[in-house]
Amino acid sequence: MDLFDRHLDFVAALRRAGIQVSVAEDIDAANALGAIDMTDRDQLRAAYAAAAVKRPAHRPAFDTVFDLYFPALLDDAGSAAEEAAERATPGRQIYPGDPTLVQFREQLAQQLLAGDADGLAQLARVGVGRFGAVTGGAPGVQSWSAYITMARTSPDTLLAALLEQALLPDERGTMAERLMRQTFAARIAAFRRLVDTEVQRRLAAESGPDRVARTAVRPSAERLDLLHATNADLSAIRREVQPLARRLAARLAYDHRHGRRGKLDFRRTIRASLSSGGVPMQTHMRPRHPRKTDLVILCDVSDSVTSFARFTLMLVFALREQFSRVRVFAFVDDLDEVTRFFRPGVDIVEAVTRLDAEAKVRGWYGRTDYGRAFRLFEEMHSDAIAARTSLLVLGDARSNYGDPNVPALQRLAGRARRAYWLNPERRGAWDTGDSCASQVGRVMPMVECRNLSQLADFVRDVV
Amino acid sequence: MFASAAETGQRLAGAGYLADSATATTVFLAASLERPLLVEGPAGVGKTELAKAVATCTGSELIRLQCYEGLDESRALYEWNYKKQLLRIQAAPSDQAWERTHDDIFTEEFLLTRPLLGAIRRTESTVLLIDEIDKTDVEVEALLLEVLSDFQVTIPEMGTVVATRRPFVLLTSNANRELSEALKRRCLYLYIDYPTQERERDILLERVPNIHRDLAEQVARAAALLRSLELKKAPSLAESIDWARTLLVLGVDHLDETALTATLGVVLKHASDHVRAIKELDLSALAD
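Heads up: these notes are all about the structure in this document. (Residues numbered from 1 in each chain as written. Chains lettered and ligands numbered in written order. Predicted model: local features only at pLDDT ≥ 70, side-chain atom pairs only at ≥ 80, totals over all residues.)

1. Overview of the overall build of chain A
Counting secondary structure elements, chain A contains 19 helices and 8 strands. Considering chain A as a whole, with its 463 residues, one finds that 34% of them fall into the buried category. Sequence-distant contacts in chain A: of pairs separated by 6 or more residues, those separated by 24 or more amount to 71%. (Helix = DSSP H or I, 4+ residues; strand = E, 2+ residues; numbered from the N terminus. Buried ≥ 20, exposed ≤ 12 C-beta atoms within 10 Å, placed from the backbone. Contact = placed C-beta atoms within 7 Å.)

Structure (structure tokens):
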């Protein structure tokens, strides 16, 4: 297969991975290849990235696909001999005290201590070959597992010994130890990524990059399903939410400034005309008074939507910093105003912890009860919704077979200027089981909001 | 401008900018393919510095267009000097035909050149820096498209000005707003993230004279730790350079708990971030 075919396959794989590479960018990338030193893999990677990847969120997916289509060369004679040795002893059992394993862990500890990136990459290659081999899906097919490699070599357990070596005795228990711990944790994480890459490289060599690329690429933060997001995903999402809220606020401000201009500012126009000999060449308008937008958010924080709730709280937090008049209410089967936890300048992690501990959102039942929540809201806080208020309800509309109290919700929605319901479930699951999506959907428009890009669409289309 | 990616890296280093392989390659590509380069990344990682370094090491003049909300074409491209035009009309002899006066006042003499047109018209080598493009309104982006793709500016009264020598164009953005696809498509793209600990140490050694290697290492490590906390504003590279300088001025040669608590204000600029860092690093005993 020549370079041109490889280029076409690579670009096709990028597109399959959700990176939109336009034809113009494709041509740019091909031109860039002609200008660089093709034998340098770092340059090749940088050239493709510069021409084809224009969003930081796409970068991890790009790197995965790049490693599959342009794997590192095993150039030295050592690794060739190593691979031959692996092939000679397939399926050998590895026990914790195995001499090769002990020796490998010693080498790994040295490289982690030194922080040598090339050395770690070399060890990842050796480690996957020796300790990560598993039987493939079909007879005669070899496969490898990053999980098994990491479990057997367990670099995390080296941490204590590494700290012992790197620190002076009087530095134990001080900040210096924390800093070193952080450094080693970062290096171990780097080793983990190298092992992942190596496993994918070997799988790609065995069954072709196309097949591996289909399964290996993780969705980028903007497409992650919010109901199934892990902690690491959530922190990636948090970084994305902040600009989204800022954009939303900027958009509202923009519409206020440009939508309608005020009356002629006679005084300023005349003053300005003095510089052009009394001819009013430029008119000045008075700015309009910006319309204040009130926002009331009702947020389900029950266990079934934990990660969605955390995401919405992030969004609320981001919005709270941009708008002056946002009121936030959280509920499970009891309802409490939680605006106080989201004062501007407060730390988000702390706000969420305090909300869990202090807010009175759980009653005796402890599971979501929309009916009770809406009734309580109407009784206690109905003054929060005025003619200019936008109402946003966030939740999965699963009321545990209780009555969702649609009339109360209808009264609330009727009073607000606009009302929307954001549902983190996919549309197909609505109205299944205890979901009352269509019942409440008749009262206020319900929008599917499973990931950041859907949220961005909502922001763009609706607000 | 440059011969190869490796040479680009060396020359940037010569201008005091330690570029990693990706940055050097991308700058080299932008120069040799004559494409604009869009640089994104968190604030204070050296995006603007990169443009300055490119200008220094190629001996070009740096023309800078600082973007802000409300920037319009009369500030970015060109403007007619209407006061002078008015004078010209008033001073015209009364027997001169209007057509003649009209032709007179739309000439080079009455044109005020703004950065974009200025960069296009220069015959010497030029680096054009369009800083913080995300701060402008969407209309300005559309205005830029002609300049960025064809390196030309069309002035309705005069005609089209085409660049005799294409400038090296560098745009920076903090991603306050998603830039349009049309703009991104015309540019090469580089994302500069916070540097790794090893690189940050090297940059500190380069940018802070007389700093000891150990201290640089400790500052880099502490900065990485602070960035891993969930802060409102993570410390940037510029701030860790300031931090190292501060420590040097204070005569601190070892960054321990006391020194960190005393100088936290140099790196963290929000009260809530202070509280969080002090809590996470167990510094509460020293903070009072």
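2. Quick word on the overall build of chain B
Within chain B, the regular secondary structure consists of 15 helices and 9 strands. Compactness check: chain B gives a C-alpha radius of gyration of 24 Å against a globular reference of 19 Å for 288 residues, more than 25% above the reference. Once the C-alpha set of chain B is aligned to its principal axes, its extents read approximately 90 × 45 × 35 Å. Going through the 288 residues of chain B one by one, you find that 38% of them count as buried. Restricting the contact set of chain B to residue pairs at least 6 apart, pairs at least 24 apart contribute 75%. (Rg over C-alpha atoms; globule rule 2.2 N^0.38 Å.)

3. A word on the sheet that holds strand β2 (residues 61-66) of chain B
Residues and elements named next belong to chain B. Taken in spatial order, the 5 strands of this open sheet run β2-β5-β8-β1-β9, and their pairing is parallel. Strands at the two margins of the open sheet, each flanked by one partner only, are β2 and β9 (188-191). Between one strand axis and the next, the sheet turns by 20° as a mean value, whatever way the strands run. Where β2 meets strand β5 (residues 126-131), 6 bridges bridge the pair, whose relative direction is parallel. Directly across from leucine 62, in β5, lies its bridge partner valine 127. (Pairing = 2+ DSSP bridges. Axes fitted to C-alpha atoms, helices over the stretch in contact; angles between N-to-C directions.)

4. Concerning the nonpolar core
One finds A:Leu14, A:Ala50, A:Val65, B:Leu37, B:Val54 and B:Leu170 to be the most contacted residues of the largest nonpolar core, which totals 95 residues. Ranked by residues supplied to this core, first place goes to helix α3 (residues 41-52) of chain A with 7 residues. Ignoring sequence-local partners within four residues, the contact set of B:Leu37 consists of B:Thr26, B:Val27, B:Ala30, B:Val169, B:Leu170, B:Cys187, B:Leu188 and B:Leu190. Listed in part, the 55 residues of the second largest apolar core include A:Val301, A:Phe341, A:Leu412 and A:Met444. (Core = buried A, V, L, I, M, F, W, Y, C linked by C-beta atoms within 7 Å.)

5. Topic: the sheet that holds strand β3 (residues 294-300) of chain A
Residues and elements named next belong to chain A. A sheet is described by the order of its strands in space; here 6 strands give the open sequence β5-β4-β3-β6-β7-β8, paired in mixed fashion. Among the strands making up the open sheet, the edge pair consists of β5 (335-337) and β8 (446-448). Going from strand to strand, the sheet's axes swing by 20° on average, the running direction of each strand aside. The pairing of strand β6 (residues 389-394) with strand β7 (residues 418-423) spans 5 bridges and is parallel. Counted as the bridge partner of serine 390 is arginine 418 from β7. Against the sheet, helix α16 (residues 370-381) engages β3, β4 (326-331) and β5, with an angle of about 45° to β5.

6. Points about the interface of chain A and chain B
Counting residues at the interface gives 40 residues for chain A and 39 residues for chain B. For the side of chain A that touches chain B, the elements supplying multiple residues, two or more each, are α2 (23-35), α3, α10 (175-207), α12 (231-259) and α15 (348-358) of chain A. It is α3(A) that provides the largest number of residues to the side of chain A that touches chain B, a total of 7 residues. When its residues are assigned to classes, the side of chain A that touches chain B shows 19 nonpolar, 12 polar and 9 charged. (Nonpolar A, V, L, I, M, F, W, Y, C, P; charged D, E, K, R; others polar.)

7. Comments concerning helix α10 (residues 197-207) of chain B
Within α10(B), burial applies to B:Gln197, B:Glu200, B:Arg201, B:Ile203, B:Leu204 and B:Arg207. Axial view of α10(B): buried residues confined to an arc of 165°, hence all on one face. As for α10(B), its buried residues are in contact with α10 of chain A together with α11 (213-228) and α12 (237-249) of chain B. (Arc of directions from axis to C-beta.)

8. Section: the pairing of strand β8 (residues 168-173) of chain B
Residue and element names in this part refer to chain B. Most of β8 sits out of view: 6 of its 6 residues are buried. Judged by which residues are buried, β8 turns out to be covered on both faces: Phe168, Leu170 and Thr172 on one side and Val169, Leu171 and Ser173 on the other are all buried. Sheet topology places strand β1 (residues 37-40) next to β8; 4 bridges connect them, and they run parallel. Bridging from a neighbouring strand, glutamate 40 pairs with serine 173 of β8. One ladder, built from 4 bridges, connects β5 with β8; its direction is parallel. Bridging from a neighbouring strand, valine 127 pairs with phenylalanine 168 of β8.

9. Brief notes about α2(A)
Its 13 residues place the ends of α2(A) 19 Å apart at the C-alpha level, agreeing with the 18 Å of an ideal helix rising 1.5 Å per residue. For α2(A), the elements touching its buried residues are α3 of chain A together with α2 (21-33) and α9 (181-186) of chain B. (Expected span 1.5 Å × (residues − 1).)

10. Side note on the packing of α3(A) against α2(B)
α2(B) packs onto α3(A) with a crossing angle of 60° between their chain directions and a minimal axis gap of 9 Å. The angle between α3(A) and α2(B) places the two elements in the oblique class. Crossing of α3(A) against α2(B): the hand is right-handed. When α3(A) is examined against α2(B), the residues A:Asp42, A:Gln43, A:Ala46, A:Ala47, A:Ala49 and A:Ala50 are found in contact with a partner set consisting of B:Ser21, B:Ala22, B:Thr25, B:Thr26 and B:Leu29. Tallied by class, residues from the contact of α3(A) with α2(B) come to 6 nonpolar, 4 polar and 1 charged. (Parallel < 35°, antiparallel > 145°, perpendicular 65-115°, else oblique. Left-handed = near helix turned anticlockwise from the far one by under 90°.)

11. Here's the deal with the environment of A:Gln182
Inspection of the secondary structure assignment puts A:Gln182 in helix α10. The residues contacting A:Gln182, other than those within four sequence positions of it, are B:Ala224, B:Leu225 and B:Ser228.

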